[in-house]
Amino acid sequence: MSQKALLGTLRLDHRLSREEAVGLAGLADITPLLDAAARRRDAAHGAIVSYSRKVFIPLTQLCRDVCHYCTFAHPPRKGEKAFLTREEVLAIAEAGRKAGCKEALFTLGDKPELRYRIARDELRALGHETTLSYLAEVADLVLRETGLLPHVNPGLLTDEDFRALRPVSISQGIMLESISERLCARGGAHHGSPDKVPSARLNTIRRAGEHAVPFTSGILIGIGETREERIDSLLALRELNDAHGHIQEIIVQNFRPKPGTRMANVAAPSIDDHLWTIAIARLIFDPEMNIQAPPNLSPDALKQLVDAGINDWGGVSPVTPDHVNPEAPWPHLKELAAATKAAGKDLTERLAVYPAYARHPLRWIDEKARTPLYDLVDADGWPRTDRWCPGRADPLPASDVDLVKGHSPAPGTTQVRPILENALGGKLLTELDIVRLFRARGDEFTAVCRAADELRRSVNGDVVSYVVTRNINYTNICYFKCQFCAFSKGKLSENLRGKPYDISMDEVARRVREAWDRGASEVCMQGGIHPSYTGQKYLEICAAVKAAVPDMHLHAFSPLEVWQGARTLGISVEEFLADLKSAGLKTLPGTAAEILDDEVRALLCADKINTDEWLEVMRTAHGLGFRSTATIMFGHIDRYEHWARHLIRVRNLQMETGGFTEFVPLPFVHMEAPIYLKGRSRPGPTFRESILMHAVSRLALHPHITNIQASWVKLGPDGVRRCLDAGVNDLGGTLMDESISRSAGASHGQEMTPQRMEEIIRSSGRLPRQRNTLYGNACAELRERSFAAVPKPQPGNLAVTLQSASAD
């Protein structure tokens, strides 16, 4: 097969063999090669070309090696210290933090204490014997004091070194540069540099994989190696990555001759040679591999580098120079964004650790470094772009607000367009489809929101409904240990703030009567799983509600309460649900779902019912004629694929039973949640993700669930207004007494009056409708009473029976 034919028929999952790659070494026309590389890149990375906003910290520029092209390392100079002090390191890092950097790149010479006395003396004065020991200390200092994520390039490492550096660095790196032993011989670029021996560097890269360190490597071209040797270098890196999966990026760096070095008169590789190597690297590795070329070393060829298959520019600093290539200043980020856009791509910030590794922190990130990482990332491992969090009274991020109703891309200009067309046509979206929609940004984000809004308009018209309801949380004492819950109290709870309570049946009845008098058509009743509760308690609650107000709709008991109630009575779930129905229960809330994926539940709520058990309770309830809601509580330790699986499982059950009335996204409120306070979760979803959850739910659940609800408690009035432009047609309940989100730190209030609810709806250009639980119209009498009611004061629990024996 000819070279051109090979490139034209190359499958996206096919990696070049050595024979195939070497066969492309003499291509006269590299255009087909570049086209194949670009196609492969686009299949995995789409329109994104990423970069990391970093600050460069040259801890020491002394080095025991004497690479013949290097100006970073130099012998000791009179009047210059060998190492940056702790204070100097922190000052550089703090300047970076103030400039919006998230990465602290530590670059240093290799083991200078083995060559220079001044290095040994300064290290001793600093309290260290080795450069790597001092590096571990200052990396830890930067991580703790500034929150910047250290990336370290420390040279050759032992297992002991990896154990010391992994807890204080988010990622590490060492350039292979070349596998060629020739370059270490006399006259070669690496002669006299023991740390550049290829086998030693490969051994360090292998150890990095064994220690699960997200790792950067790559090759330096134009230092005397042949194209065949470049291919062998790339294949050696591929072999190590196949074994461990830890190489997060491959840098293809072009040599630039520098005055004052032994290679000052060596010609730099041509741009075509650089482009050929980038394209070969792209075709040797899996499509998902990140291929990088430094933009400051080829400032006049940025579009060509993109066209050759790169998807990353590396670290770019708005604060510090490139100390390794001081003659090549970083491009301004605005200029880099414009150049990337001119190449048909979108410049997107990442962290030092790439998203694919940030998405799996338990595997790739040491526990000590996870907390600052969680605070910086969204559910897909990309940096959070604003400080907004659910439940807090934060201003909405202006950029995302504008995009909700922004300019809609023309058909065919976005990769999500075919998925949106399928959703609008009623076709079932796959897990991959749904994940792709959650990754929408910029114009794609606008397209997803507008498609969801179009679907909402066709299904629900311009009417937005709400229900006048009262939440009655009958106890906050719970023996389950859900890691996200700040509501439960008691000896076994994860958070002991506030007083434990267990309200009496008289108090339940009083609150039901008060709710009826204030125009409520429904009471929603849930609580902790009290150690003394059996299923009989839930039957007593039903009886109390029915006796107090026979016509009140009782919407109560999550699948967890139903499961636990049946188990404590020694009967089946079906029997217990039938008993509840006879006692007056009308519908069930679809809470306790959290994320319907047991990978997440094993960490988030390990002692709770699992995914299949939650679905079975709902399946059984629907089979007995109950209707229920369905929820998702998202934005903590979950990923987009978990969200997609949750939606698909809810959709599949709805196709089977038709029992869900609505779908309710509930963004995780982090402020007082135990899992966040322990440093083990993200601070809720981003605003973009919160909006997308509503929009994607509308698209993924169509046409089977027709009502999508937004939570004003979690999102606030301004947030739900934006959701009304992204597929939402319902704002849920007025609540009267909201306590669960308030316990987690939410600050959007405990009650939304009908007047305020309708004001929000009308200000969004929609028509309000007060409904009942099953989406019929609220009766006129109740509607009148709801508008005449005086807003409730702060509730308190005046008529409660404290269960001190269970709480102390």
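Since the model is a prediction, treat every value here as computed from it, not as a measurement. (Residues numbered from 1 in each chain as written. Predicted model: local features only at pLDDT ≥ 70, side-chain atom pairs only at ≥ 80, totals over all residues. Heavy atoms only, no water.)

**Q** I'd like a rundown of the overall build of the protein, residues and numbers included.
**A** Within the protein, the regular secondary structure consists of 33 helices and 20 strands. For the protein, whose C-alpha radius of gyration is 30 Å, the value lies close to the compact-globule estimate of 28 Å for 808 residues. Taken along the three principal axes of its C-alpha coordinates, the protein extends 95 × 60 × 45 Å. Of all 808 residues assigned to the protein, the portion counted as buried reaches 61%. Counting only carbon and sulfur atoms, one obtains 51% of the accessible surface of the protein, whose full area is about 30100 Å². (Helix = DSSP H or I, 4+ residues; strand = E, 2+ residues; numbered from the N terminus. Rg over C-alpha atoms; globule rule 2.2 N^0.38 Å. Buried < 20%, exposed > 50% of the residue type's maximum accessible area, 1.4 Å probe, protein only. Areas by Shrake-Rupley, 256 points an atom, 1.4 Å probe, with all protein chains shown as cover.)

**Q** Describe helix H28 (residues 687–701), naming the residues involved and giving the relevant values.
**A** An ideal rise of 1.5 Å per residue puts 21 Å on 15 residues; H28 measures up with 21 Å between its terminal C-alpha atoms. Counting buried positions along H28 yields 15 of 15 residues, so the element is predominantly enclosed. (Expected span 1.5 Å × (residues − 1).)

**Q** Could you give an account of the side chain of His274, naming the residues involved and the relevant values?
**A** In this structure, His274 sits in helix H10 (residues 271–284). When neighbours within four sequence positions are excluded, His274 is seen to be in contact with Ile221, Val252, Gln253, Asn254, Ala293, Ser298 and Leu305. (Contact = heavy atoms within 4.5 Å.)

**Q** Run through the packing of aromatic side chains, naming residues and quoting values.
**A** Under the defined criterion, the tally for this structure stands at 13 aromatic pairs. Their ring planes at 85 degrees and their centres at 6.0 Å tell us that Phe83 and Tyr134 sit as a pair that is edge-to-face. Here Phe83 is found in the loop between strand S1 (48–60) and helix H4 (86–98), whereas its partner Tyr134 is found in helix H6 (residues 131–146), with 51 residues between them in sequence. Side by side, Phe83 and Tyr134 carry an identical accessibility label, which is buried. Geometrically, the ring pair formed by Phe438 and Tyr640 is tilted, given 5.7 Å between the ring centres and 35 degrees between the ring planes. Placement of Phe438 in helix H18 (residues 431–438) and of Tyr640 in helix H26 (residues 640–657) is noted, with a sequence separation of 202 residues between them. The burial state of Phe438 is the same as that of Tyr640; both residues are buried. Taking the ring centre of Trp276 as reference, the NZ or CZ of Arg227 above it sits at 4.2 Å. (Phe/Tyr/Trp six-rings, centres within 6.5 Å; stacked < 30°, edge-to-face > 60°. Lys NZ or Arg CZ within 6 Å of the ring centre and 35° of its normal.)

**Q** If you had to explain the pattern of salt bridges to someone new, which residues and values would you point to?
**A** Taken as a whole and assessed by the stated rule, the structure comprises 63 salt bridges. The salt bridge partner of Arg783 is Glu758, with a shortest N-O separation of 2.9 Å. Remark: Glu758 occurs in helix H31 (residues 754–763) and Arg783 occurs in helix H32 (residues 780–788); sequence separation between them is 25 residues. With relative accessibility at 30%, the residue Arg783 sits in the partly exposed group. A relative accessible area of 6% means that Glu758 is categorised as buried. Shared partners join several salt bridges into a network, and the residues in it are Asp453, Arg456, Arg457, Asp462, Asp725 and Arg766. (Salt bridge = Lys/Arg side-chain N within 4 Å of Asp/Glu carboxyl O.)

**Q** Describe helix H17 (residues 417–424), naming the residues involved and giving the relevant values.
**A** One turn of an α-helix holds 3.6 residues; hence residues three or four places apart share an orientation. Buried residues of H17: Arg417, Ile419, Leu420 and Ala423, and no others. Looking straight down H17, one finds that the buried residues subtend no more than 160 degrees of arc, so they occupy a single side. Buried residues belonging to H17 abut H18, helix H19 (442–460) and H28. Phi for Gly426, located one or two positions after H17, is positive at around 85 degrees. (Arc of directions from axis to C-beta.)

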